[in-house]
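# Architecture and fold: a report
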Amino acid sequence: MISQFFILSPRGDSIVTKDYRGDVVRGTAEIFFRKLKGWPSGNPPPIFNVEGVHFLHIKRGGLFFVCTTKFNVQPTTVLELLVRIAALCKDYCGTLSEETIRRNFVLVYELLDEVIDFGYAQTTSTQTLKAYIHNEPVVVAPLETQATKHAPSGAANRPVALRFSAQRDRKNEIFLDLLERLTVLFNASGSVLRAEIDGCIQMKCFLAGAPELRLGLNEDLQIARGRGVYGIVLDDCNFHECVQMDQFDSSRTLVMRPPDGEFTVMNYRMSGNFQNPLPFRASLTIEPCGVGLVDVILRLDCDMPAKCHGTNVSVRCPLPKMTSSCGYDLGAAGQTVEYNKEDKTAVWKIAQANGGVAYYTRLKLMVPEEEKHKVKKEVGPISLEFEVPMYVCSGLNVRFLRVFEAGRDFVPFRWVRYISHSDSYVARI
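The present account deals with the structure reproduced in this document. These numbers were taken from a predicted model, which means no experiment stands behind them.

Right, let's get into the overall build of the protein. Helices and strands together make up the secondary structure of the protein, namely 8 helices and 26 strands. Taken along its principal axes, the extent of the C-alpha atoms in the protein is 75 × 55 × 45 Å. In the protein, buried positions account for 46% of the 429 residues. Taking all contacts inside the protein whose residues are at least 6 apart in sequence as the whole, residues at least 24 apart take part in 71%. In the structure as shown, the protein presents an accessible area of about 21,600 Å², 49% of it carried by carbon and sulfur atoms. Positive and negative side-chain charges in the protein, numbering 50 and 48 respectively, have mean positions lying 2 Å apart.

As a further point, take the sheet that holds strand 1 (residues 4-8). Across the sheet, which stays open at both edges, the 5 strands sit in the order 2-1-5-4-3 with antiparallel pairing between neighbours. On the outer flanks of this sheet lie strand 2 (14-19) and strand 3 (47-50), each paired with one strand and no other. Between one strand axis and the next, the sheet turns by 20 degrees as a mean value, whatever way the strands run. In the sheet, strand 4 (residues 53-60) pairs with strand 5 (residues 63-69) via 7 bridges, with the strands oriented antiparallel. Looking at the pairing, Phe-55 lines up with Thr-68 of strand 5.

A word on the pairing of strand 15 (residues 253-256). Moving residue by residue along a regular strand, the side chains alternate between the two faces of the sheet. Residue alternation in strand 15 divides its side chains into two sets, Thr-253 and Val-255 and Leu-254 and Met-256, and both sets are buried. With 4 bridges connecting them, strand 10 (residues 212-216) and strand 15 associate as antiparallel partners. Paired with Gly-216 across the two strands is Thr-253, which belongs to strand 15. Across 2 bridges, strand 14 (residues 243-244) lies against strand 15 in antiparallel orientation. The residue of strand 15 that forms the bridge with Val-243 is Met-256.

The next thing to look at is the side chain of Glu-212. With respect to the helices and strands, Glu-212 occurs in strand 10. Glu-212 sits in the buried class, given a relative accessible area of 18%. Leave out the neighbours within four places in its chain, and Glu-212 touches Val-255, Met-256, Arg-257, Arg-402, Val-403 and Phe-404.

Looking now at the state of the cysteines. Scanning all chains against the criterion turns up 0 disulfides. In this structure Cys-93 is not part of a disulfide, and its nearest cysteine sulfur, from Cys-89, lies 5.7 Å away. A relative accessible area of 3% places Cys-93 in the buried class. Here Cys-242 stays unpaired: no disulfide links it, and the sulfur of Cys-205, its closest cysteine neighbor, is 8.7 Å away. Overall, the relative accessible area of 19% leaves Cys-242 in the buried class.

A word on the pattern of salt bridges. Pairing between side chains becomes possible if they bear opposite charge and their charged atoms approach one another. Under the defined criterion, the tally for this structure stands at 24 salt bridges. We note a salt bridge from Arg-417 to Asp-177, for which the minimum N-O separation is 2.6 Å. Here Asp-177 lies in strand 8 (residues 173-186) and Arg-417 lies in strand 26 (residues 413-427), a separation of 240 residues in the sequence. Classification of Arg-417 by relative accessible area gives partly exposed; the value is 43%. Among the residues examined, Asp-177 registers a relative accessible area of 15% and is labelled buried. Each of Glu-287, Asp-295, Asp-329, Arg-362 and Lys-364 takes part in one network of salt bridges that share partners.

Mapped onto the elements of the fold, Thr-68 is located in strand 5. Within the structure, Thr-68 has its side chain in polar contact with the side chain of Gln-4 (distance 3.0 Å).

Thresholds applied
Residues numbered from 1 in each chain as written. Predicted model: local features only at pLDDT ≥ 70, side-chain atom pairs only at ≥ 80, totals over all residues. Heavy atoms only, no water. Helix = DSSP H or I, 4+ residues; strand = E, 2+ residues; numbered from the N terminus. Buried < 20%, exposed > 50% of the residue type's maximum accessible area, 1.4 Å probe, protein only. Contact = heavy atoms within 4.5 Å. Areas by Shrake-Rupley, 256 points an atom, 1.4 Å probe, with all protein chains shown as cover. Lys, Arg positive; Asp, Glu negative; His and termini not counted. Charge placed at Lys NZ, Arg CZ, Asp CG, Glu CD. Pairing = 2+ DSSP bridges. Axes fitted to C-alpha atoms, helices over the stretch in contact; angles between N-to-C directions. Disulfide = S-S within 2.5 Å. Salt bridge = Lys/Arg side-chain N within 4 Å of Asp/Glu carboxyl O. Polar contact = N/O pair within 3.5 Å; in protein donor to acceptor, adjacent residues only side chain to side chain.

Structure below.
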């Protein structure tokens, strides 16, 4: 059971505060934020204790969702509750941001009254709560209604609880995201030591009624390594409770009646050989240039197809501790280098990295002459952060997405996108 719940802004302001049991002193939000900002490593754990009060928190959309309790609760259960509350706020408010929560605080309080009773969780189902939530959401950004080939950027951010004219005039739409997080480790020669994919298929539906939906995946999809040696082989997978598995073994088709709101259709893990190449490969070369001068040349190879590109690519390279200064030469426009003197790291940022292209930058280090031989030992490893739209390494793809309902001619708009982004992407030197 939990004692308090509150939502904090990035500045530490209390946007929503709810005290369910009255057994924890007031002012815990300020205590939490001070502890959070004063944590030695700068990256506090999701659970910590201050003077007998347990604080459990997650961060979503720049906001802190926090619970407090004095009881010996199951921590994963409380963290899962926080995740679902954040998902409910996104479903009912449309987006998850400070402005959205402030403008819909009455709706958020109504949700909290239904979700938690005297510290005990009741229900977190978006569809179940629609019968008990009566406040209308305040849409922060106006919806784009112009019919285009591509979905507007905010089209999937509509609240699920819009009623009356907005509900009648809306289009039948399905938004499907195939997301993959990459965990990759390269050795000094560029060979892959470890490569894993943690992926999921997320769906958000705006459909009238409760039609049946059929989602087709690759026909050569295999589950578990012992069952096949060809095609796309997943180590493990699990499905949402609404998914019917009757046709999955025979035709790799998922049949479901999707609930309201955003939900995860399928989670999967994959390791080993992928159908498509890894998007990036980083390397480093060291060149002595003169007395007390060393050049570190960073190279980024984009191994994905030329039609693809990576966005917000960040290459982080730790430098020797004896570095006194760091200059740089950039290879092309749209790139920046930031050098942090305190922790001796250089961050090379590329706004857009196109497939099939190699990018370079030269870091000019000034180090003591007598310690130049130590530079190679103290540089690295290189870590990457990026996002690649419309590209997944696993090769998993959606063959079809169909909607059926007896007696109704359903022609919904279907938006499908693929996104790969880094989880832990490291190259040793």
